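# Remarks on the overall topology
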Amino acid sequence: MKKGVIILLAAALGLSACNRFEKGEGDMTYKIYNSEGKPKIQEGDFVKLNGIQIIETKSGDSTLVNTYDNERPAFFPIGKSMFKGDLASALKLLGEGDSAVFKLNLDSMAKYSGQPKPAGAKDNFSTFTIKIEKVLHKATNEVDSTFEKKKRSFFEEEYKALIAKNKASEASKISKYIADNSLKTQTTASGLQYIIEAPGNAQRATLTDTIMVDYTGQFTNKKADGKINVFDTSDAKIAKDAGIYSPMAQYAARPLVLGQLAPGFIEGVQLIGVGGKIKIIVPSKLGYGENGGGPINPFTPLVFDISLKSIK
């Protein structure tokens, strides 16, 4: 993990004394950790940033957002502040290359954003740890249409750079995951790597079958707190540990039409029978490819632990 990320994570976890925070607008308090002395962000600017948002709960800190875990920075247009001490007003204290920690009022955020206040919050504040990566400044009196074109070009260039970085590092991510976990995998002709933990019976699913599976999908990189980086699971305990639990989800074996799944998932399931368990490491060409989808970035390898319960 890079030194800058370690510093930001330490700040996000509250390892700095609260009395070092300064008073900002409204109920906001803040601590600036690094200042490059560049022009401050203004209303109308477009910002690329990395950040961590946490709330303190009775059982400990709960991470709501971590762009480092997602390996995807956020792009943030700076509009008018919705209330004194909101995130826009916080970011206006920073310039390109700066990093800081802000505590923002949860009640005000819920009121003006329309989003419900996070459940289980111990106090009325959420902590944002921010690193400003780049700033596209809007010039005084610059026509909106002209700046919109600049924003699109800025975003497209940054996104292309992200794709190129992911493509170049995919093979090393897979190798590192296998080495870090001391795995002895087998590889199919397509490039799928796997470990059969239990073969199951002789029955094999076909593309038109509906399978009942328990599964957990994760990224190859661990989260900043050292936990596995889960993006989807049918296991309630794993979901809670990963911070992705939803009371609306059904945590049990799930019915899936095999032919509608990613090629790597299909191939992995067909290597086992009912009662079987398999771990598969899916390169992006057998997963979500060069476009990605949802929380999955382009050229992202994935890991699935699958238990095949039944075939219909």
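Parameters at a glance
Residues numbered from 1 in each chain as written. Predicted model: local features only at pLDDT ≥ 70, side-chain atom pairs only at ≥ 80, totals over all residues. Heavy atoms only, no water. Helix = DSSP H or I, 4+ residues; strand = E, 2+ residues; numbered from the N terminus. Buried < 20%, exposed > 50% of the residue type's maximum accessible area, 1.4 Å probe, protein only. Contact = heavy atoms within 4.5 Å. Areas by Shrake-Rupley, 256 points an atom, 1.4 Å probe, with all protein chains shown as cover. Lys, Arg positive; Asp, Glu negative; His and termini not counted. Charge placed at Lys NZ, Arg CZ, Asp CG, Glu CD. Salt bridge = Lys/Arg side-chain N within 4 Å of Asp/Glu carboxyl O. Domains from an automatic or database assignment. Buried area = accessible area lost by both parts, 1.4 Å probe. Pairing = 2+ DSSP bridges. Bend = angle between axes of the 7 residues up to and from the residue. Core = buried A, V, L, I, M, F, W, Y, C linked by side-chain atoms within 4.5 Å. Phe/Tyr/Trp six-rings, centres within 6.5 Å; stacked < 30°, edge-to-face > 60°. Lys NZ or Arg CZ within 6 Å of the ring centre and 35° of its normal.

### Topic: the overall build of the protein chain
In terms of helices and strands, the protein chain carries seven helices and 14 strands. Along the three orthogonal principal directions, the C-alpha set of the protein chain runs to about 70 × 45 × 35 Å. Put simply, the protein chain has 312 residues, and 43% of those count as buried. At a minimum sequence separation of 6, the contacts of the protein chain that also span at least 24 residues come to 69%. For the protein chain, the accessible surface area stands at approximately 16,500 Å², while carbon and sulfur atoms represent 53% of it. Taken as two groups, the 42 positive and 34 negative side-chain charges of the protein chain have centres that lie 2 Å from each other.

### A closer look at the pattern of salt bridges
According to the stated counting rule, one finds 16 salt bridges in the structure shown. With a closest N to O distance of 3.3 Å, glutamate 43 and lysine 80 form a salt bridge. Linking glutamate 43 in the loop between strand 2 (29–34) and strand 3 (46–57) with lysine 80 in the loop between strand 5 (74–77) and helix 3 (87–91), this pair joins segments that are 37 residues apart in sequence. Note on lysine 80: relative accessible area 66%, which makes it exposed.

### Comments concerning the domain arrangement of the protein chain
The domains assigned to the protein chain are domain 1 (22–138) and domain 2 (171–311). For domain 1 and domain 2, the distance between their C-alpha centroids amounts to 34 Å. With six residues of domain 1 at the interface, the matching set in domain 2 holds ten residues. Together domain 1 and domain 2 conceal approximately 620 Å² of surface at their shared face, both sides included; 23% is due to carbon and sulfur atoms.

### Details of the pairing of strand 2
The pairing of strand 1 (residues 22–23) with strand 2 spans two bridges and is antiparallel. By the bridge assignment, glutamate 22 is partnered in strand 2 with tyrosine 30. In this structure, the hairpin formed by strand 1 and strand 2 is closed by a connection of five residues, where glycine 26 is found at a positive phi of approximately 55°. Bridge count between strand 2 and strand 6 (residues 99–105): five bridges; the pairing is antiparallel. Pairing of asparagine 34 across the sheet is with serine 99, part of strand 6.

### Comments concerning helix 5 (residues 144–180)
Maximal helix bending in helix 5 amounts to about 45°, located at serine 169. When we look at burial in helix 5, the residues that qualify are Phe147, Lys151, Phe154, Glu158, Leu162, Asn166, Ser169, Glu170, Lys173, Ile174, Tyr177 and Ile178. Of the residues flanking the end of helix 5, it is serine 182, one or two places downstream, whose phi is positive at about 50°.

### Re the nonpolar core
Counting residues in each nonpolar core, the largest one holds 24 residues, and the members touching the most others are Ile211, Val269, Ile280, Phe304, Ile306 and Leu308. Only strand 10 (210–219), helix 7 (263–269), strand 13 (277–282) and strand 14 (302–311) provide two or more residues apiece to this core. Top contributing element to this core by residue count: strand 14, with five residues. When neighbours within four sequence positions are excluded, leucine 308 is seen to be in contact with Ile211, Met212, Val213, Val269, Ile272, Gly273, Val274, Gly275 and Gly276. Residues Met28, Ala100, Phe102 and Val135 belong to the second largest nonpolar core, which totals 20 residues.

### As for the packing of aromatic side chains
Each aromatic ring pair is summarised here by two numbers: the centre-to-centre distance and the angle between the ring planes. What the rule picks out here adds up to twelve aromatic pairs. Ring geometry for phenylalanine 75 versus phenylalanine 154: centroids 6.3 Å apart, planes at 80°, classification edge-to-face. Taken together, the positions of phenylalanine 75 in strand 5 and phenylalanine 154 in helix 5 put the pair 79 residues apart, joining distant regions of the chain. For phenylalanine 75, a relative accessible area of 22% gives the class partly exposed. Positioned above the aromatic ring of phenylalanine 21 is the side chain of lysine 103, whose terminal nitrogen or guanidinium carbon lies 5.4 Å from the ring centre. Over the ring of tyrosine 245 we find lysine 240; its NZ or CZ atom is 4.9 Å from the centre of that ring.

### Describing the side chain of glutamine 218
Structurally, the position occupied by glutamine 218 is in strand 10. The class for glutamine 218 is buried, based on a relative accessible area of 5%. Not counting residues up to four positions away in its chain, the partners in contact with glutamine 218 are Tyr177, Ile228, Asn229, Val230, Phe231, Leu302, Val303 and Asp305.

### Some details on the pairing of strand 7 (residues 121–136)
The sheet contact formed by strand 3 and strand 7 spans eleven bridges and is antiparallel. From the neighbouring strand, glycine 51 faces strand 7, where its bridge partner is isoleucine 130.

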